[in-house]
Amino acid sequence: HKEYSYKVTIKVNSRDFSRIKMEIEDNICYITMNFPKSLNALSSITLEEMLDAVIESEKNSEVQGIIITGTGKAFVAGADISQMKDYGAEEGRKYAKVAQDIFSKIENLEKPVIAAINGYALGGGCELAMACDIRIASDKAILGQPEVNLGVIPCFGGTQRLSRLVGTGKAKELIFTGKFINASEAEKIGLVNQVVSDEELLEESKKMMKLILSKAPLAVKYSKIAINRGQDLDLNNALELERDIAGLTFASEDKKEGMYAFLEKREPVFNNK
Ligand code: CO8
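Bear in mind the structure is a predicted one, so any value in this text is a computation, not a measurement. (Residues numbered from 1 in each chain as written. Predicted model: local features only at pLDDT ≥ 70, side-chain atom pairs only at ≥ 80, totals over all residues. Heavy atoms only, no water.)

Taken together, Asp139, Glu199, Glu200 and Glu203 make up a surface patch of like negative charges. Mapped onto the secondary structure, glutamate 203 falls in helix α8 (residues 201–213). (Patch = residues over 30% accessible without salt bridge, like charges linked within 9 Å, V, L, I, M, F, W, Y side chains within 5 Å. Areas by Shrake-Rupley, 256 points an atom, 1.4 Å probe, with all protein chains shown as cover. Salt bridge = Lys/Arg side-chain N within 4 Å of Asp/Glu carboxyl O. Lys, Arg positive; Asp, Glu negative; His and termini not counted. Charge placed at Lys NZ, Arg CZ, Asp CG, Glu CD. Helix = DSSP H or I, 4+ residues; strand = E, 2+ residues; numbered from the N terminus.)

This part is about the confidence of the model for the chain. Counting all residues, the mean pLDDT for the chain is 96, and 98% of those residues have values of 70 or more. Element-level mean pLDDT values for the chain span from 82 in strand β1 (residues 8–9) up to 99 in strand β6 (residues 113–117). (pLDDT = per-residue confidence, 0-100.)

Our focus in this paragraph is the sheet that holds strand β5 (residues 74–76). The strands making up a sheet are joined through hydrogen bonds of the backbone, oriented either antiparallel or parallel. With mixed pairing, four strands are arranged side by side in an open sheet as β5-β7-β9-β10. Looking along the sheet, the strands with just one partner apiece sit at the ends: β5 and β10 (181–182). Pairing geometry for β5 and strand β7 (residues 120–122), over two bridges, is parallel. Bridge assignment links valine 76 to a residue of β7, and that residue is alanine 121. Taken strand by strand, helix α4 (residues 124–131) contacts β5, β7 and β9 (142–144), and its axis lies near 75 degrees from that of β5. (Pairing = 2+ DSSP bridges. Contact = heavy atoms within 4.5 Å. Axes fitted to C-alpha atoms, helices over the stretch in contact; angles between N-to-C directions.)

The next point concerns the site of the ligand. Taken together, 23 residues form the shell around the ligand, and within it Lys73, Ala77, Ala79, Ile81 and Gly124 come nearest. Lysine 73 has a polar side-chain atom sitting 2.6 Å from an oxygen atom of the ligand. Elements with a contribution of two residues or more to the shell around the ligand: α2 (81–84), α3 (89–107) and β7. (Near = heavy atom within 4 Å. Polar contact = N/O pair within 3.5 Å; in protein donor to acceptor, adjacent residues only side chain to side chain.)

What follows is about the state of the cysteines. Summed over the entire model, instances satisfying the criterion amount to zero disulfides. Lacking any disulfide linkage, cysteine 29 is separated from the closest cysteine sulfur, that of cysteine 132, by 12 Å. We note that cysteine 126 lacks a disulfide partner, and the nearest cysteine sulfur, in cysteine 132, lies 11 Å from it. Since its relative accessible area comes to 2%, cysteine 126 is described here as buried. (Disulfide = S-S within 2.5 Å. Buried < 20%, exposed > 50% of the residue type's maximum accessible area, 1.4 Å probe, protein only.)

Written as structure tokens, this is what we have:
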């Protein structure tokens with residue numbers, strides 16, 4: 001018995017993407033940053049295409065999880081420097097807002113999102129990875145927030161998400177110095193979850209996603225909501241939110257299935273209800 005699997009390339013709004021690829025295989029949507037000529041820099045066109053892909057992956061009921069990666073030697077080398085070189089205050093602010101909104105949308109998708117960091121994740125690239133739920137890095141990945149070299153600050157979420165992920169001390173070190181760090185240093189400070197060999201990056205990311213998708217989907221979804229919303233609340237309110245959301249899981253069929261399967265010593269069969 002041999003299983004065949006194939007990726008289906010998706011068009012959105014009946015148009016082909018020029019900067020990214022979007023493919024679905026085994027309920028996983030792969031969004032691949034695909035403009036290696038500029039190291040997948042986040043131009044307005046790229047951001048527009050990303051937004052379409054994110055909206056489609058949210059809507060498409062076949063998609064249960066999303067993996068974001070890049071082609072070539074970069075995941076994403078940052079915002080597009082050639083595009084913003086002559087921007088004034090208002091244009092800069094607007095550019096930041098467009099990217100921030102897309103990254104927040106990714107962060108709050110009700111499906112798990114993994115960043116498979118294949119190479120340079122700099123500036124907006126590191127910020128994109130931080131908007132994902134989990135980061136798996138190739139041993140070739142290089143991360144950093146080099147905006148100080150350009151006279152600006154990280155503003156696709158970096159000053160906020162980096163401090164929340166690694167603490168203000170390390171965030172300030174990385175942002176003030178603009179230095180690049182390799183994958184194992186990034187793992188040491190908690191910026192990435194796991195480092196794998198470059199050849200195994202997609203396989204390992206897929207493995208992690210499949211493990212997540214084998215669990216009760218509502219429990220995964222609600223735990224994401226509790227973690228995301230809770231981190232902006234004080235502890236008492238966050239614990240109240242946790243209780244309320246836990247109550248919702250107790251109303252699900254999958255909760256019954258999970259507990260009965262345990263007691264009956266069998267594997268649960270979840271149905272996302
Ligand atoms: N934007 C535009 N083009 C880029 C970018 C970028 N971020 N990064 C690389 N490229 C282009 C290069 O210009 C080059 O183009 P060309 O072939 O036409 O000369 C091509 O990609 C290949 O790059 P390199 O030749 O530089 O490749 P190397 O292997 O020598 O170096 C590096 C790779 C180290 C990754 C290097 O390209 C680099 O340092 N890139 C810039 C990294 C960076 O500074 N990123 C942060 C950008 S700022 C940001 O993301 C957030 C700012 C928020 C402000 C928003 C508005 C307010």
